[in-house]
Amino acid sequence: MPKFGLSQSVRRVEDPRLLLGQGRYTDDIALPGAAAGHVLRSPHAHAAIRGLDTTAAQAMPGVLAILTGADMLAMGVGEVPCAIPLKNRDGSRRAEAPRLPLATDRVRHVGDPVAFVVAETLAQARDAAEAIEVEYDILASATDLATAHEEGAPVIWEKAARNICFDWEAGDAARTEALFAEAAHVTRLTVVNNRVVVASMEGRACAAEYDAASGRYTLHAGTQGSWLVKGLLAANVLKTDPDNIRVLTPDVGGGFGMKLYLYAEYALCALAAKQVGRPVKWTADRSEAFLSDTHGRDNITLGEIALDKDGRFLALRTRNHANMGAYLSTFAPFIPTGAGTKVLASVYGFQAIHAHVIGVFTNTVPVDAYRGAGRPESNYLVERLIDQAAREIGMDRIEIRRRNMVGPEAMPYVTAMQQRYDSGDFPRVMDAALQKIDWAGFPARRAEAARHGKKRGIGLAYYLEATGGSPTENAKVVFADDGMVDVYVGTQSTGQGHETAYAMMTSHELGIPMGKIRIQQGDSESLPSGGGTGGARSLYSEGQAILVTTASVIEKGKQAAAEMLEAAVVDIEFAKGRFGVVGTDRGVDILDLAAHQRARVARGEDSFLLDTLETAKIEAHTFPNGCHVAEVEVDPETGIVTIPRYIVVDDVGHALNPLIVRGQVHGGVAQGIGQAVLERTAYDQQSGQLLTASFMDYALPRAEDLPDIEVDLIEVPCESNPMGVKGAGEAGAVGSPPAVVNALVDALDGVVVDMPATPEVVWKAVHAA
């Protein structure tokens, strides 16, 4: 194992533990005496609750407690909150969608929690749930985003006219209108960014304990950041001091944004644990996950691009209807607004942009951030629009992009959406992608496919991501008694390889072998706060925290070494894990020095440990970018789409571990391909039932659906953080949908298709054309 060094493709140190089945996930946690919790969920998309009788269920074997919406009111339980205030265009506040952990008088989507049953075993809890009698008055439902905001649609919230949650805008409307008025050509295109089910490998789960003596709760849950869940649960739902709640996040098997949020089940387990005086555990089965995990995407967007006579972009105008679902999840209103619109300029020199976003309530599962969080939706729109514009004005797809790209000489560059790009060489990245795919040689490959009865197309998408998250991050270094070094972090790995990346950084800074470093995460009591993982923020945020913390460790070490070696502090130098006296061979290794300081403190001497906690201020976010190129083949007889070639050239800034970066890109591309051609989330428009509520009906990509994904990295170091990194966690999912669909439209000779381009959709498009 390497001792130190960056920019190495180091294999992930956490993999042996996870691959050998030694991971510890939430459902693996067996608390002594734990009871089982089960949620009774609404079978209706929209209904009034006229009666709820738990008498028979309470008498069933093993039942310990049954919580209902009435209990929530009686106990003074607060609402599961949305953390995003938002103002409409007219200055008024967005509509509210108040949600207690259990429904009281009305259910608003299939899967809405109605009662929580606690029993000795899960089987007993499920049996009791079936004995609960609920009288529903079924109401008309609105599940279709395209029509839910129309006059006459069923009303979901009385205070949200036409089911509109918010009506928001950003950008320069007047300047945009003026540029459209003088445009030589305007291209208009409406695109559908289809709803997706997150389908993380590990489903959600939680286990809660309550200590009556101290009045403290302990919640074990698979989150993307313990501190956010702790804060929301304390302040909004349980209404207790945050010090009364400890959240512990163990290994997490995939999150993709969905596990960031506070869910009703976390509160229910905590409340039930207090009531029954025992730990309570809840684990979702896959059917529950489809009905209760937040979904992603689900936008319908009209985009308009104004061009001058030379094909240069003047302005961009968008009108986006974004589905919120039945309730507002933690960050839901921010995703299509502040998160998504800031990248509308992408890598192009628009003079003005105006974005209009309308949030719409529907009788569906709530929608929130999913890998990329608004940025994939914006990039998809822009790249589809550019291809359409090129087709309409008769310009080459590459030339129109090259003509409008912001050049490296313009950096730092402020976009029409007031985002400051500190670095980037977009033409260079695109040229590298064109060369790698052999764009010039594509006509021969198309002709060869035609000889076999296939229609082959090629598509390109240049994406730009904007990372985000908390403005601070913490790290703590502790030299443990067993000779190991514990590094406590405020982010949360859900499969990305954080343990490896952070160990590499710590090893590089302190000269300690990676095998002596342990990354500790997930305990809300280990650090004052933590920003969690989301928005591709982890490395550039936590990395900066590790840098300032290790720098403080070294400064402490110089003082301790000066005392030990009887030298002046200014004469102590540090290199490769060793403190030494300048100009001599006298020195001490950092681990030996740490042990020496621990011994002195243990003896009661006037001394100090090398252990250090520091907070880093995150002054600026980053803008990863890259170029995806896909080649697709369509079988006109069946509509089946295959992807024989897929390449990515990414600028993620400095790549700390290229192996991990490529793995992240592979996963993101797989999810993007799934959205583009496979994953269809369908609701019945009459009953509001989720028709694709299992893997029998919801098509996740399988190995045979995916091409070899070739990834090259071009490093244009970020200027806004000392590591030069930009983030890579979401990039693959941002660039892949437009690349695949642009290739498909090319194969179909310009026939426009929407995602997901399933065989049925493609077959109809082929034969309609």
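For the structure itself, consult the block above.
Residues numbered from 1 in each chain as written. Predicted model: local features only at pLDDT ≥ 70, side-chain atom pairs only at ≥ 80, totals over all residues. Heavy atoms only, no water.

### Comments concerning the nonpolar core
Ranked by internal contacts, the top residues of the largest apolar core, which has 108 residues, are Phe361 and Tyr646. Ala35, Ala45, Leu102 and Leu690 belong to the second largest nonpolar core, which has 55 residues in total. (Core = buried A, V, L, I, M, F, W, Y, C linked by side-chain atoms within 4.5 Å. Buried < 20%, exposed > 50% of the residue type's maximum accessible area, 1.4 Å probe, protein only.)

### Quick word on the sheet that holds strand 26 (residues 587-589)
Taken together, 3 strands build an open sheet; the order of strands is 24-25-26 and the sheet is antiparallel. At either end of the open sheet lies a strand with only one pairing partner, and these are strand 24 (572-575) and strand 26. Averaged over all pairs of adjacent strands, the angle between strand axes in this sheet comes to 20°, irrespective of strand direction. Sheet analysis places strand 25 (residues 578-581) next to strand 26, joined by 3 bridges and oriented antiparallel. Across the sheet, the residue bridging to Phe579 is Val588, located in strand 26. (Pairing = 2+ DSSP bridges. Helix = DSSP H or I, 4+ residues; strand = E, 2+ residues; numbered from the N terminus. Axes fitted to C-alpha atoms, helices over the stretch in contact; angles between N-to-C directions.)

### Focus: the layout of surface pockets
Estimates place the volume of the second largest pocket at around 740 Å³. Secondary-structure elements contributing two or more residues to the lining of the second largest pocket are helix 5 (145-148), strand 8 (185-193) and helix 20 (759-768). When its residues are assigned to classes, the lining of the second largest pocket shows 11 nonpolar, 8 polar and 7 charged. (1 Å grid on protein atoms, 1.4 Å probe; cavity = no way out; pocket = protein on both sides within 12 Å on 5 of 7 lines; lining within 4 Å. Points joined across faces, edges and corners; volume = space filled by probe spheres on them. Nonpolar A, V, L, I, M, F, W, Y, C, P; charged D, E, K, R; others polar.)

### So, the packing of helix 11 (residues 375-393) against helix 12 (residues 397-404)
The angle between the axes and the distance between the axes are what describe a pair of packed helices. In the contact formed by helix 11 and helix 12, the axes pass within 9 Å of each other and the chain directions differ by 115°. Regarding the angle of helix 11 to helix 12, the classification is roughly perpendicular. In this structure, helix 11 meets helix 12 at a crossing whose hand is right-handed. Together, Glu383, Ile386, Asp387, Ala389, Ala390 and Ile393 of helix 11 and Arg397, Ile400 and Arg401 of helix 12 make up the contact between the two elements. Of the residues contributing to the contact of helix 11 with helix 12, the split by class is 5 nonpolar, no polar and 4 charged. (Parallel < 35°, antiparallel > 145°, perpendicular 65-115°, else oblique. Left-handed = near helix turned anticlockwise from the far one by under 90°. Contact = heavy atoms within 4.5 Å.)

### Points about unusual backbone geometry
With omega at -5°, the peptide bond leading from Met411 into Pro412 counts as cis. By the element assignment, Pro412 lies in the loop between helix 12 and strand 18 (413-414). Residue Pro756 is bonded to the preceding Met755 through a cis peptide linkage, with omega at -5°. Tracing the backbone through its elements, the reader meets Pro756 in the loop between helix 19 (731-747) and helix 20.

### Re the packing of aromatic side chains
Counted by the stated rule, this structure contains 15 aromatic pairs. Note on Phe290 and Tyr698: the rings are 5.8 Å apart at their centroids and 80° apart in plane angle, and the pair reads as edge-to-face. Of this pair, Phe290 sits in helix 9 (residues 286-292) while Tyr698 sits in the loop between helix 18 (658-677) and strand 30 (709-713), and the two are 408 residues apart along the sequence. Residue Phe290 is classed as buried on the basis of its relative accessible area, which comes to 1%. Arranged with centres 6.4 Å apart and planes meeting at 45°, the rings of Tyr413 and Tyr421 form a pair that is tilted. Given a relative accessible area of 19%, Tyr413 falls into the buried group. (Phe/Tyr/Trp six-rings, centres within 6.5 Å; stacked < 30°, edge-to-face > 60°.)

### Digging into the side chain of Thr491
Its place among the elements puts Thr491 in the loop between strand 22 (485-489) and helix 15 (498-510). For Thr491, the side chain forms a polar contact with the side chain of Tyr502, separated by 2.8 Å. The residues contacting Thr491, other than those within four sequence positions of it, are Glu473, His498, Tyr502, Gln521, Gly532, Thr533, Arg537, Ser538 and Glu542. (Polar contact = N/O pair within 3.5 Å; in protein donor to acceptor, adjacent residues only side chain to side chain.)

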